[in-house]
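# Descriptive analysis of the structure
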Amino acid sequence: MALSHIFSWTFIYDFIRGPMVWISFIIFFCGVVFQVLRFMYLLKEQPVQKLEPGPGNIIHSQTVSHVKVDRVKTGWFKKGWFKKGPDKKDWMLWVKLSIAGVNPFMTIVTTIFHVLLIGVPVFVLGHNILLDNAFGVSMVSLPENVSDFLTGIVIFCTLIFLFRRLFLDRVKIITSYADYFFLSLAAAPFVTGYLAYHQVFSNYKLLISLHMLSGELMLMAVPFTKFMHMIYMIIVRFNVAGEYSFGNATKNW
Amino acid sequence: MFRKKNTAGVNSNEIRAILDEKKAKMKLSLKACAHCSLCAESCFLFMGHNKDPKYMPSYKFLNSVGVLYKKKGNVDKLDLGEMRDLVWERCVLCTRCYCPIGIDIPDMLALARRICRSQGVYPQYDRE
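Fair warning: this is a prediction, and the values are worked out from it, not measured in the lab. (Residues numbered from 1 in each chain as written. Chains lettered and ligands numbered in written order. Predicted model: local features only at pLDDT ≥ 70, side-chain atom pairs only at ≥ 80, totals over all residues.)

### Section: the overall build of chain B
The secondary structure content of chain B amounts to 7 helices and 0 strands. For chain B, the α and β elements follow one another from N to C terminus as α-α-α-α-α-α-α. Taking 14 Å as the expected radius of gyration for a compact globule of 128 residues, we find that chain B reaches 14 Å, a close match to that expectation. Summarising its shape, the C-alpha atoms of chain B cover approximately 40 × 35 × 25 Å along the three principal directions. In chain B, once contacts between residues fewer than 6 apart in sequence are set aside, the share between residues at least 24 apart is 71%. (Helix = DSSP H or I, 4+ residues; strand = E, 2+ residues; numbered from the N terminus. Rg over C-alpha atoms; globule rule 2.2 N^0.38 Å. Contact = placed C-beta atoms within 7 Å.)

### A short note on the overall build of chain A
What chain A contains, in helices and strands, is 14 helices and 2 strands. Restricting to contacts in chain A with at least 6 residues of sequence separation, those with at least 24 account for 54%.

### A look at the environment of V10(B)
All names here are of chain B. Locating V10 in the fold gives a position in the segment before α1 (12-21). Since 22 C-beta atoms lie within 10 Å of it, V10 is described here as buried. Considering only alpha carbons, one finds V10 and D107, 97 residues apart in sequence, at a separation of 23 Å. Not counting chain neighbours up to four residues away, the residues in contact with V10 comprise V75, D76, K77, L80 and Q119. (Buried ≥ 20, exposed ≤ 12 C-beta atoms within 10 Å, placed from the backbone.)

### Topic: the interface of chain B and chain A
Facing 20 residues of chain B, the contacting portion of chain A comprises 22 residues. Elements that contribute at least two residues to the side of chain B that touches chain A include exactly α2 (23-32) and α4 (57-62) of chain B. With 5 residues, the single largest contributor to the side of chain B that touches chain A is α2(B).

### A closer look at α2(B)
Listing the buried residues of α2(B) in full gives M26(B), L28(B), S29(B) and A32(B). Down the axis of α2(B), the buried side of the element spans an arc of 165°, and every buried residue falls inside it. Against the buried residues of α2(B) lie α14 (229-239) of chain A together with α5 (65-70) and α7 (105-118) of chain B. (Arc of directions from axis to C-beta.)

### Observations regarding the confidence of the model for chain B
Interpretation of the predicted coordinates at a detailed level should be avoided for regions scoring low in pLDDT. With 97% of its residues at a pLDDT of at least 70, chain B reaches an overall mean of 89. Two numbers describe this predicted complex: its pTM, 0.84, and its ipTM, 0.88. (pLDDT = per-residue confidence, 0-100.)

### Quick word on the environment of V222(A)
Residue and element names in this part refer to chain A. Its location among the elements puts V222 in the loop between α13 (204-221) and α14. A C-alpha to C-alpha distance of 25 Å links V222 and F135, two positions 87 residues apart in sequence. Not counting the four nearest positions on each side in its chain, V222 is found in contact with F28, G31, F227, M228 and M230.

### A closer look at the nonpolar core
Formed by 59 residues in total, the largest nonpolar core has its most connected members in C39(B), I105(B), M108(B) and A112(B). The element best represented in this core is α7(B), accounting for 7 residues. (Core = buried A, V, L, I, M, F, W, Y, C linked by C-beta atoms within 7 Å.)

### Things to note about the packing of helix α6 (residues 77-89) of chain B against α7(B)
Residue and element names in this part refer to chain B. Running from amino to carboxyl end, α6 crosses α7 at an angle of 135°, the nearest separation of the two axes being 10 Å. Relative to α7, the element α6 is oriented oblique. When the axes of α6 and α7 are compared, the crossing they make is left-handed. Of the residues in α7, those in contact with L80, M83, R84, V87 and W88 of α6 are L109, A112, R113 and C116. Looking at the contact of α6 with α7 residue by residue, the class counts come to 7 nonpolar, no polar and 2 charged. (Axes fitted to C-alpha atoms, helices over the stretch in contact; angles between N-to-C directions. Parallel < 35°, antiparallel > 145°, perpendicular 65-115°, else oblique. Left-handed = near helix turned anticlockwise from the far one by under 90°. Nonpolar A, V, L, I, M, F, W, Y, C, P; charged D, E, K, R; others polar.)

### Things to note about the confidence of the model for chain A
All names here are of chain A. The share of residues in chain A with pLDDT of 70 or more is 84%, and the mean pLDDT across the chain is 83. Model confidence for chain A, summarised as mean pLDDT per element, is weakest for helix α4 (residues 66-73) at 45 and strongest for helix α10 (residues 144-167) at 94. Here residues 50-74 is a poorly scored stretch, pLDDT under 50, and it has 20 contacts once near neighbours within four places are set aside; other chains count.

### Focus on unusual backbone geometry
One non-glycine residue, Q199(A), adopts positive backbone phi at about 50°. With respect to the element layout, Q199(A) can be found in the loop between α12 (177-198) and α13. Residue classification places Q199(A) among the exposed residues on the basis of 10 C-beta atoms within 10 Å. The phi dihedral of K51(B) falls on the positive side, at around 55°, and the residue is not glycine. Note on placement: K51(B) falls in the loop between α3 (44-48) and α4. Residue K51(B) is classed as partly exposed on the basis of its C-beta count, with 14 C-beta atoms lying within 10 Å.

### Comments concerning the environment of C116(B)
For C116(B), the location among the structural elements is in helix α7. Here C116(B) falls in the buried class, since 24 other C-beta atoms lie within 10 Å of it.

### A word on the packing of helix α8 (residues 104-123) of chain A against α10(A)
Residue and element names in this part refer to chain A. Where α8 meets α10, the axes come as close as 9 Å, and the angle between the chain directions of the two elements is 140°. The angle between the axes of α8 and α10 places the two elements in the oblique class. Handedness of the crossing formed by α8 with α10: left-handed. Side by side, α8 and α10 meet where V109, I112, F113, L116, L117, V120 and F123 of the first sit next to S147, L150, T151, I153, V154, C157 and I160 of the second. Residue composition of the contact of α8 with α10, by class: 12 nonpolar, 2 polar and no charged.

Written out as structure tokens, the structure reads:
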């Protein structure tokens, strides 16, 4: 194969839409499995200390440790959580003190962003047609104007994140160049997809190649870079015991 | 920014040994931090100091443990002195900080304290 052929436009285009997709998906899934196994290896069952009164001993008796009683011995579903749980006032206080109460705007923006970031690509009509052509199976798809609107929302959310990084003191102080890079990498598939769909530039092929390439790069980056918070959050919050953990988390690391 | 390092009185190997003990957890946590600043309001010192961003939990661990891992323990007394202010003056290890991703911030700051203490850098309240 001649070198000029490898650097030719058709070869790059075919590579991006062919083997590169497989490579990126394999790296993504293998990376996620590797990271999950690594987490499971690092996390240990938390030793439960017996009641031994005295200075320096953390008392973990059932009468004292409400966390242990609630989380391990009887699940909330067995205790009749809905019947004798906290009343409405407690719930309101709980919400007010939670991150949603303290920072409602950011909570809404970040929730919408993350749900759509994963959801929109799965339900876009174009992707499902490709899947149908290739394998004969596909997901339910959204109407095109709906997915177009949702893509706009994702781009809008990234702009909010960008402006936070640029102008809000408390975010600016901990921002590094990598943050801008990964924010743009997350936004790139959506921006290029949006531009390609609307055929803003005449060179559709270039835009759609950039769209595929950025999506593939993003997938490959998930298990190994800052995007790892996707895996980290799920595993740590469902497994590591603590007052902010979800479910019956009993591990430690 | 690019000042000459005076590593006298600092045992980098000792620091590195402590860093290696918790390397996996700390590196994963540092990588997972999305720099979102949502932990800010959970720190009462942040709220009590007019929301000064230098009291943010993420700022504190990024500039103590984060720097230590980045420089692989090659720090001097001046660096450690800055860290001392960060992890003792601006944090009381009340463990009330909340991270939406689930990063164990108090553990990281405790590690930074341990490293500072191992090099003889800690607040001496009777002298200051």
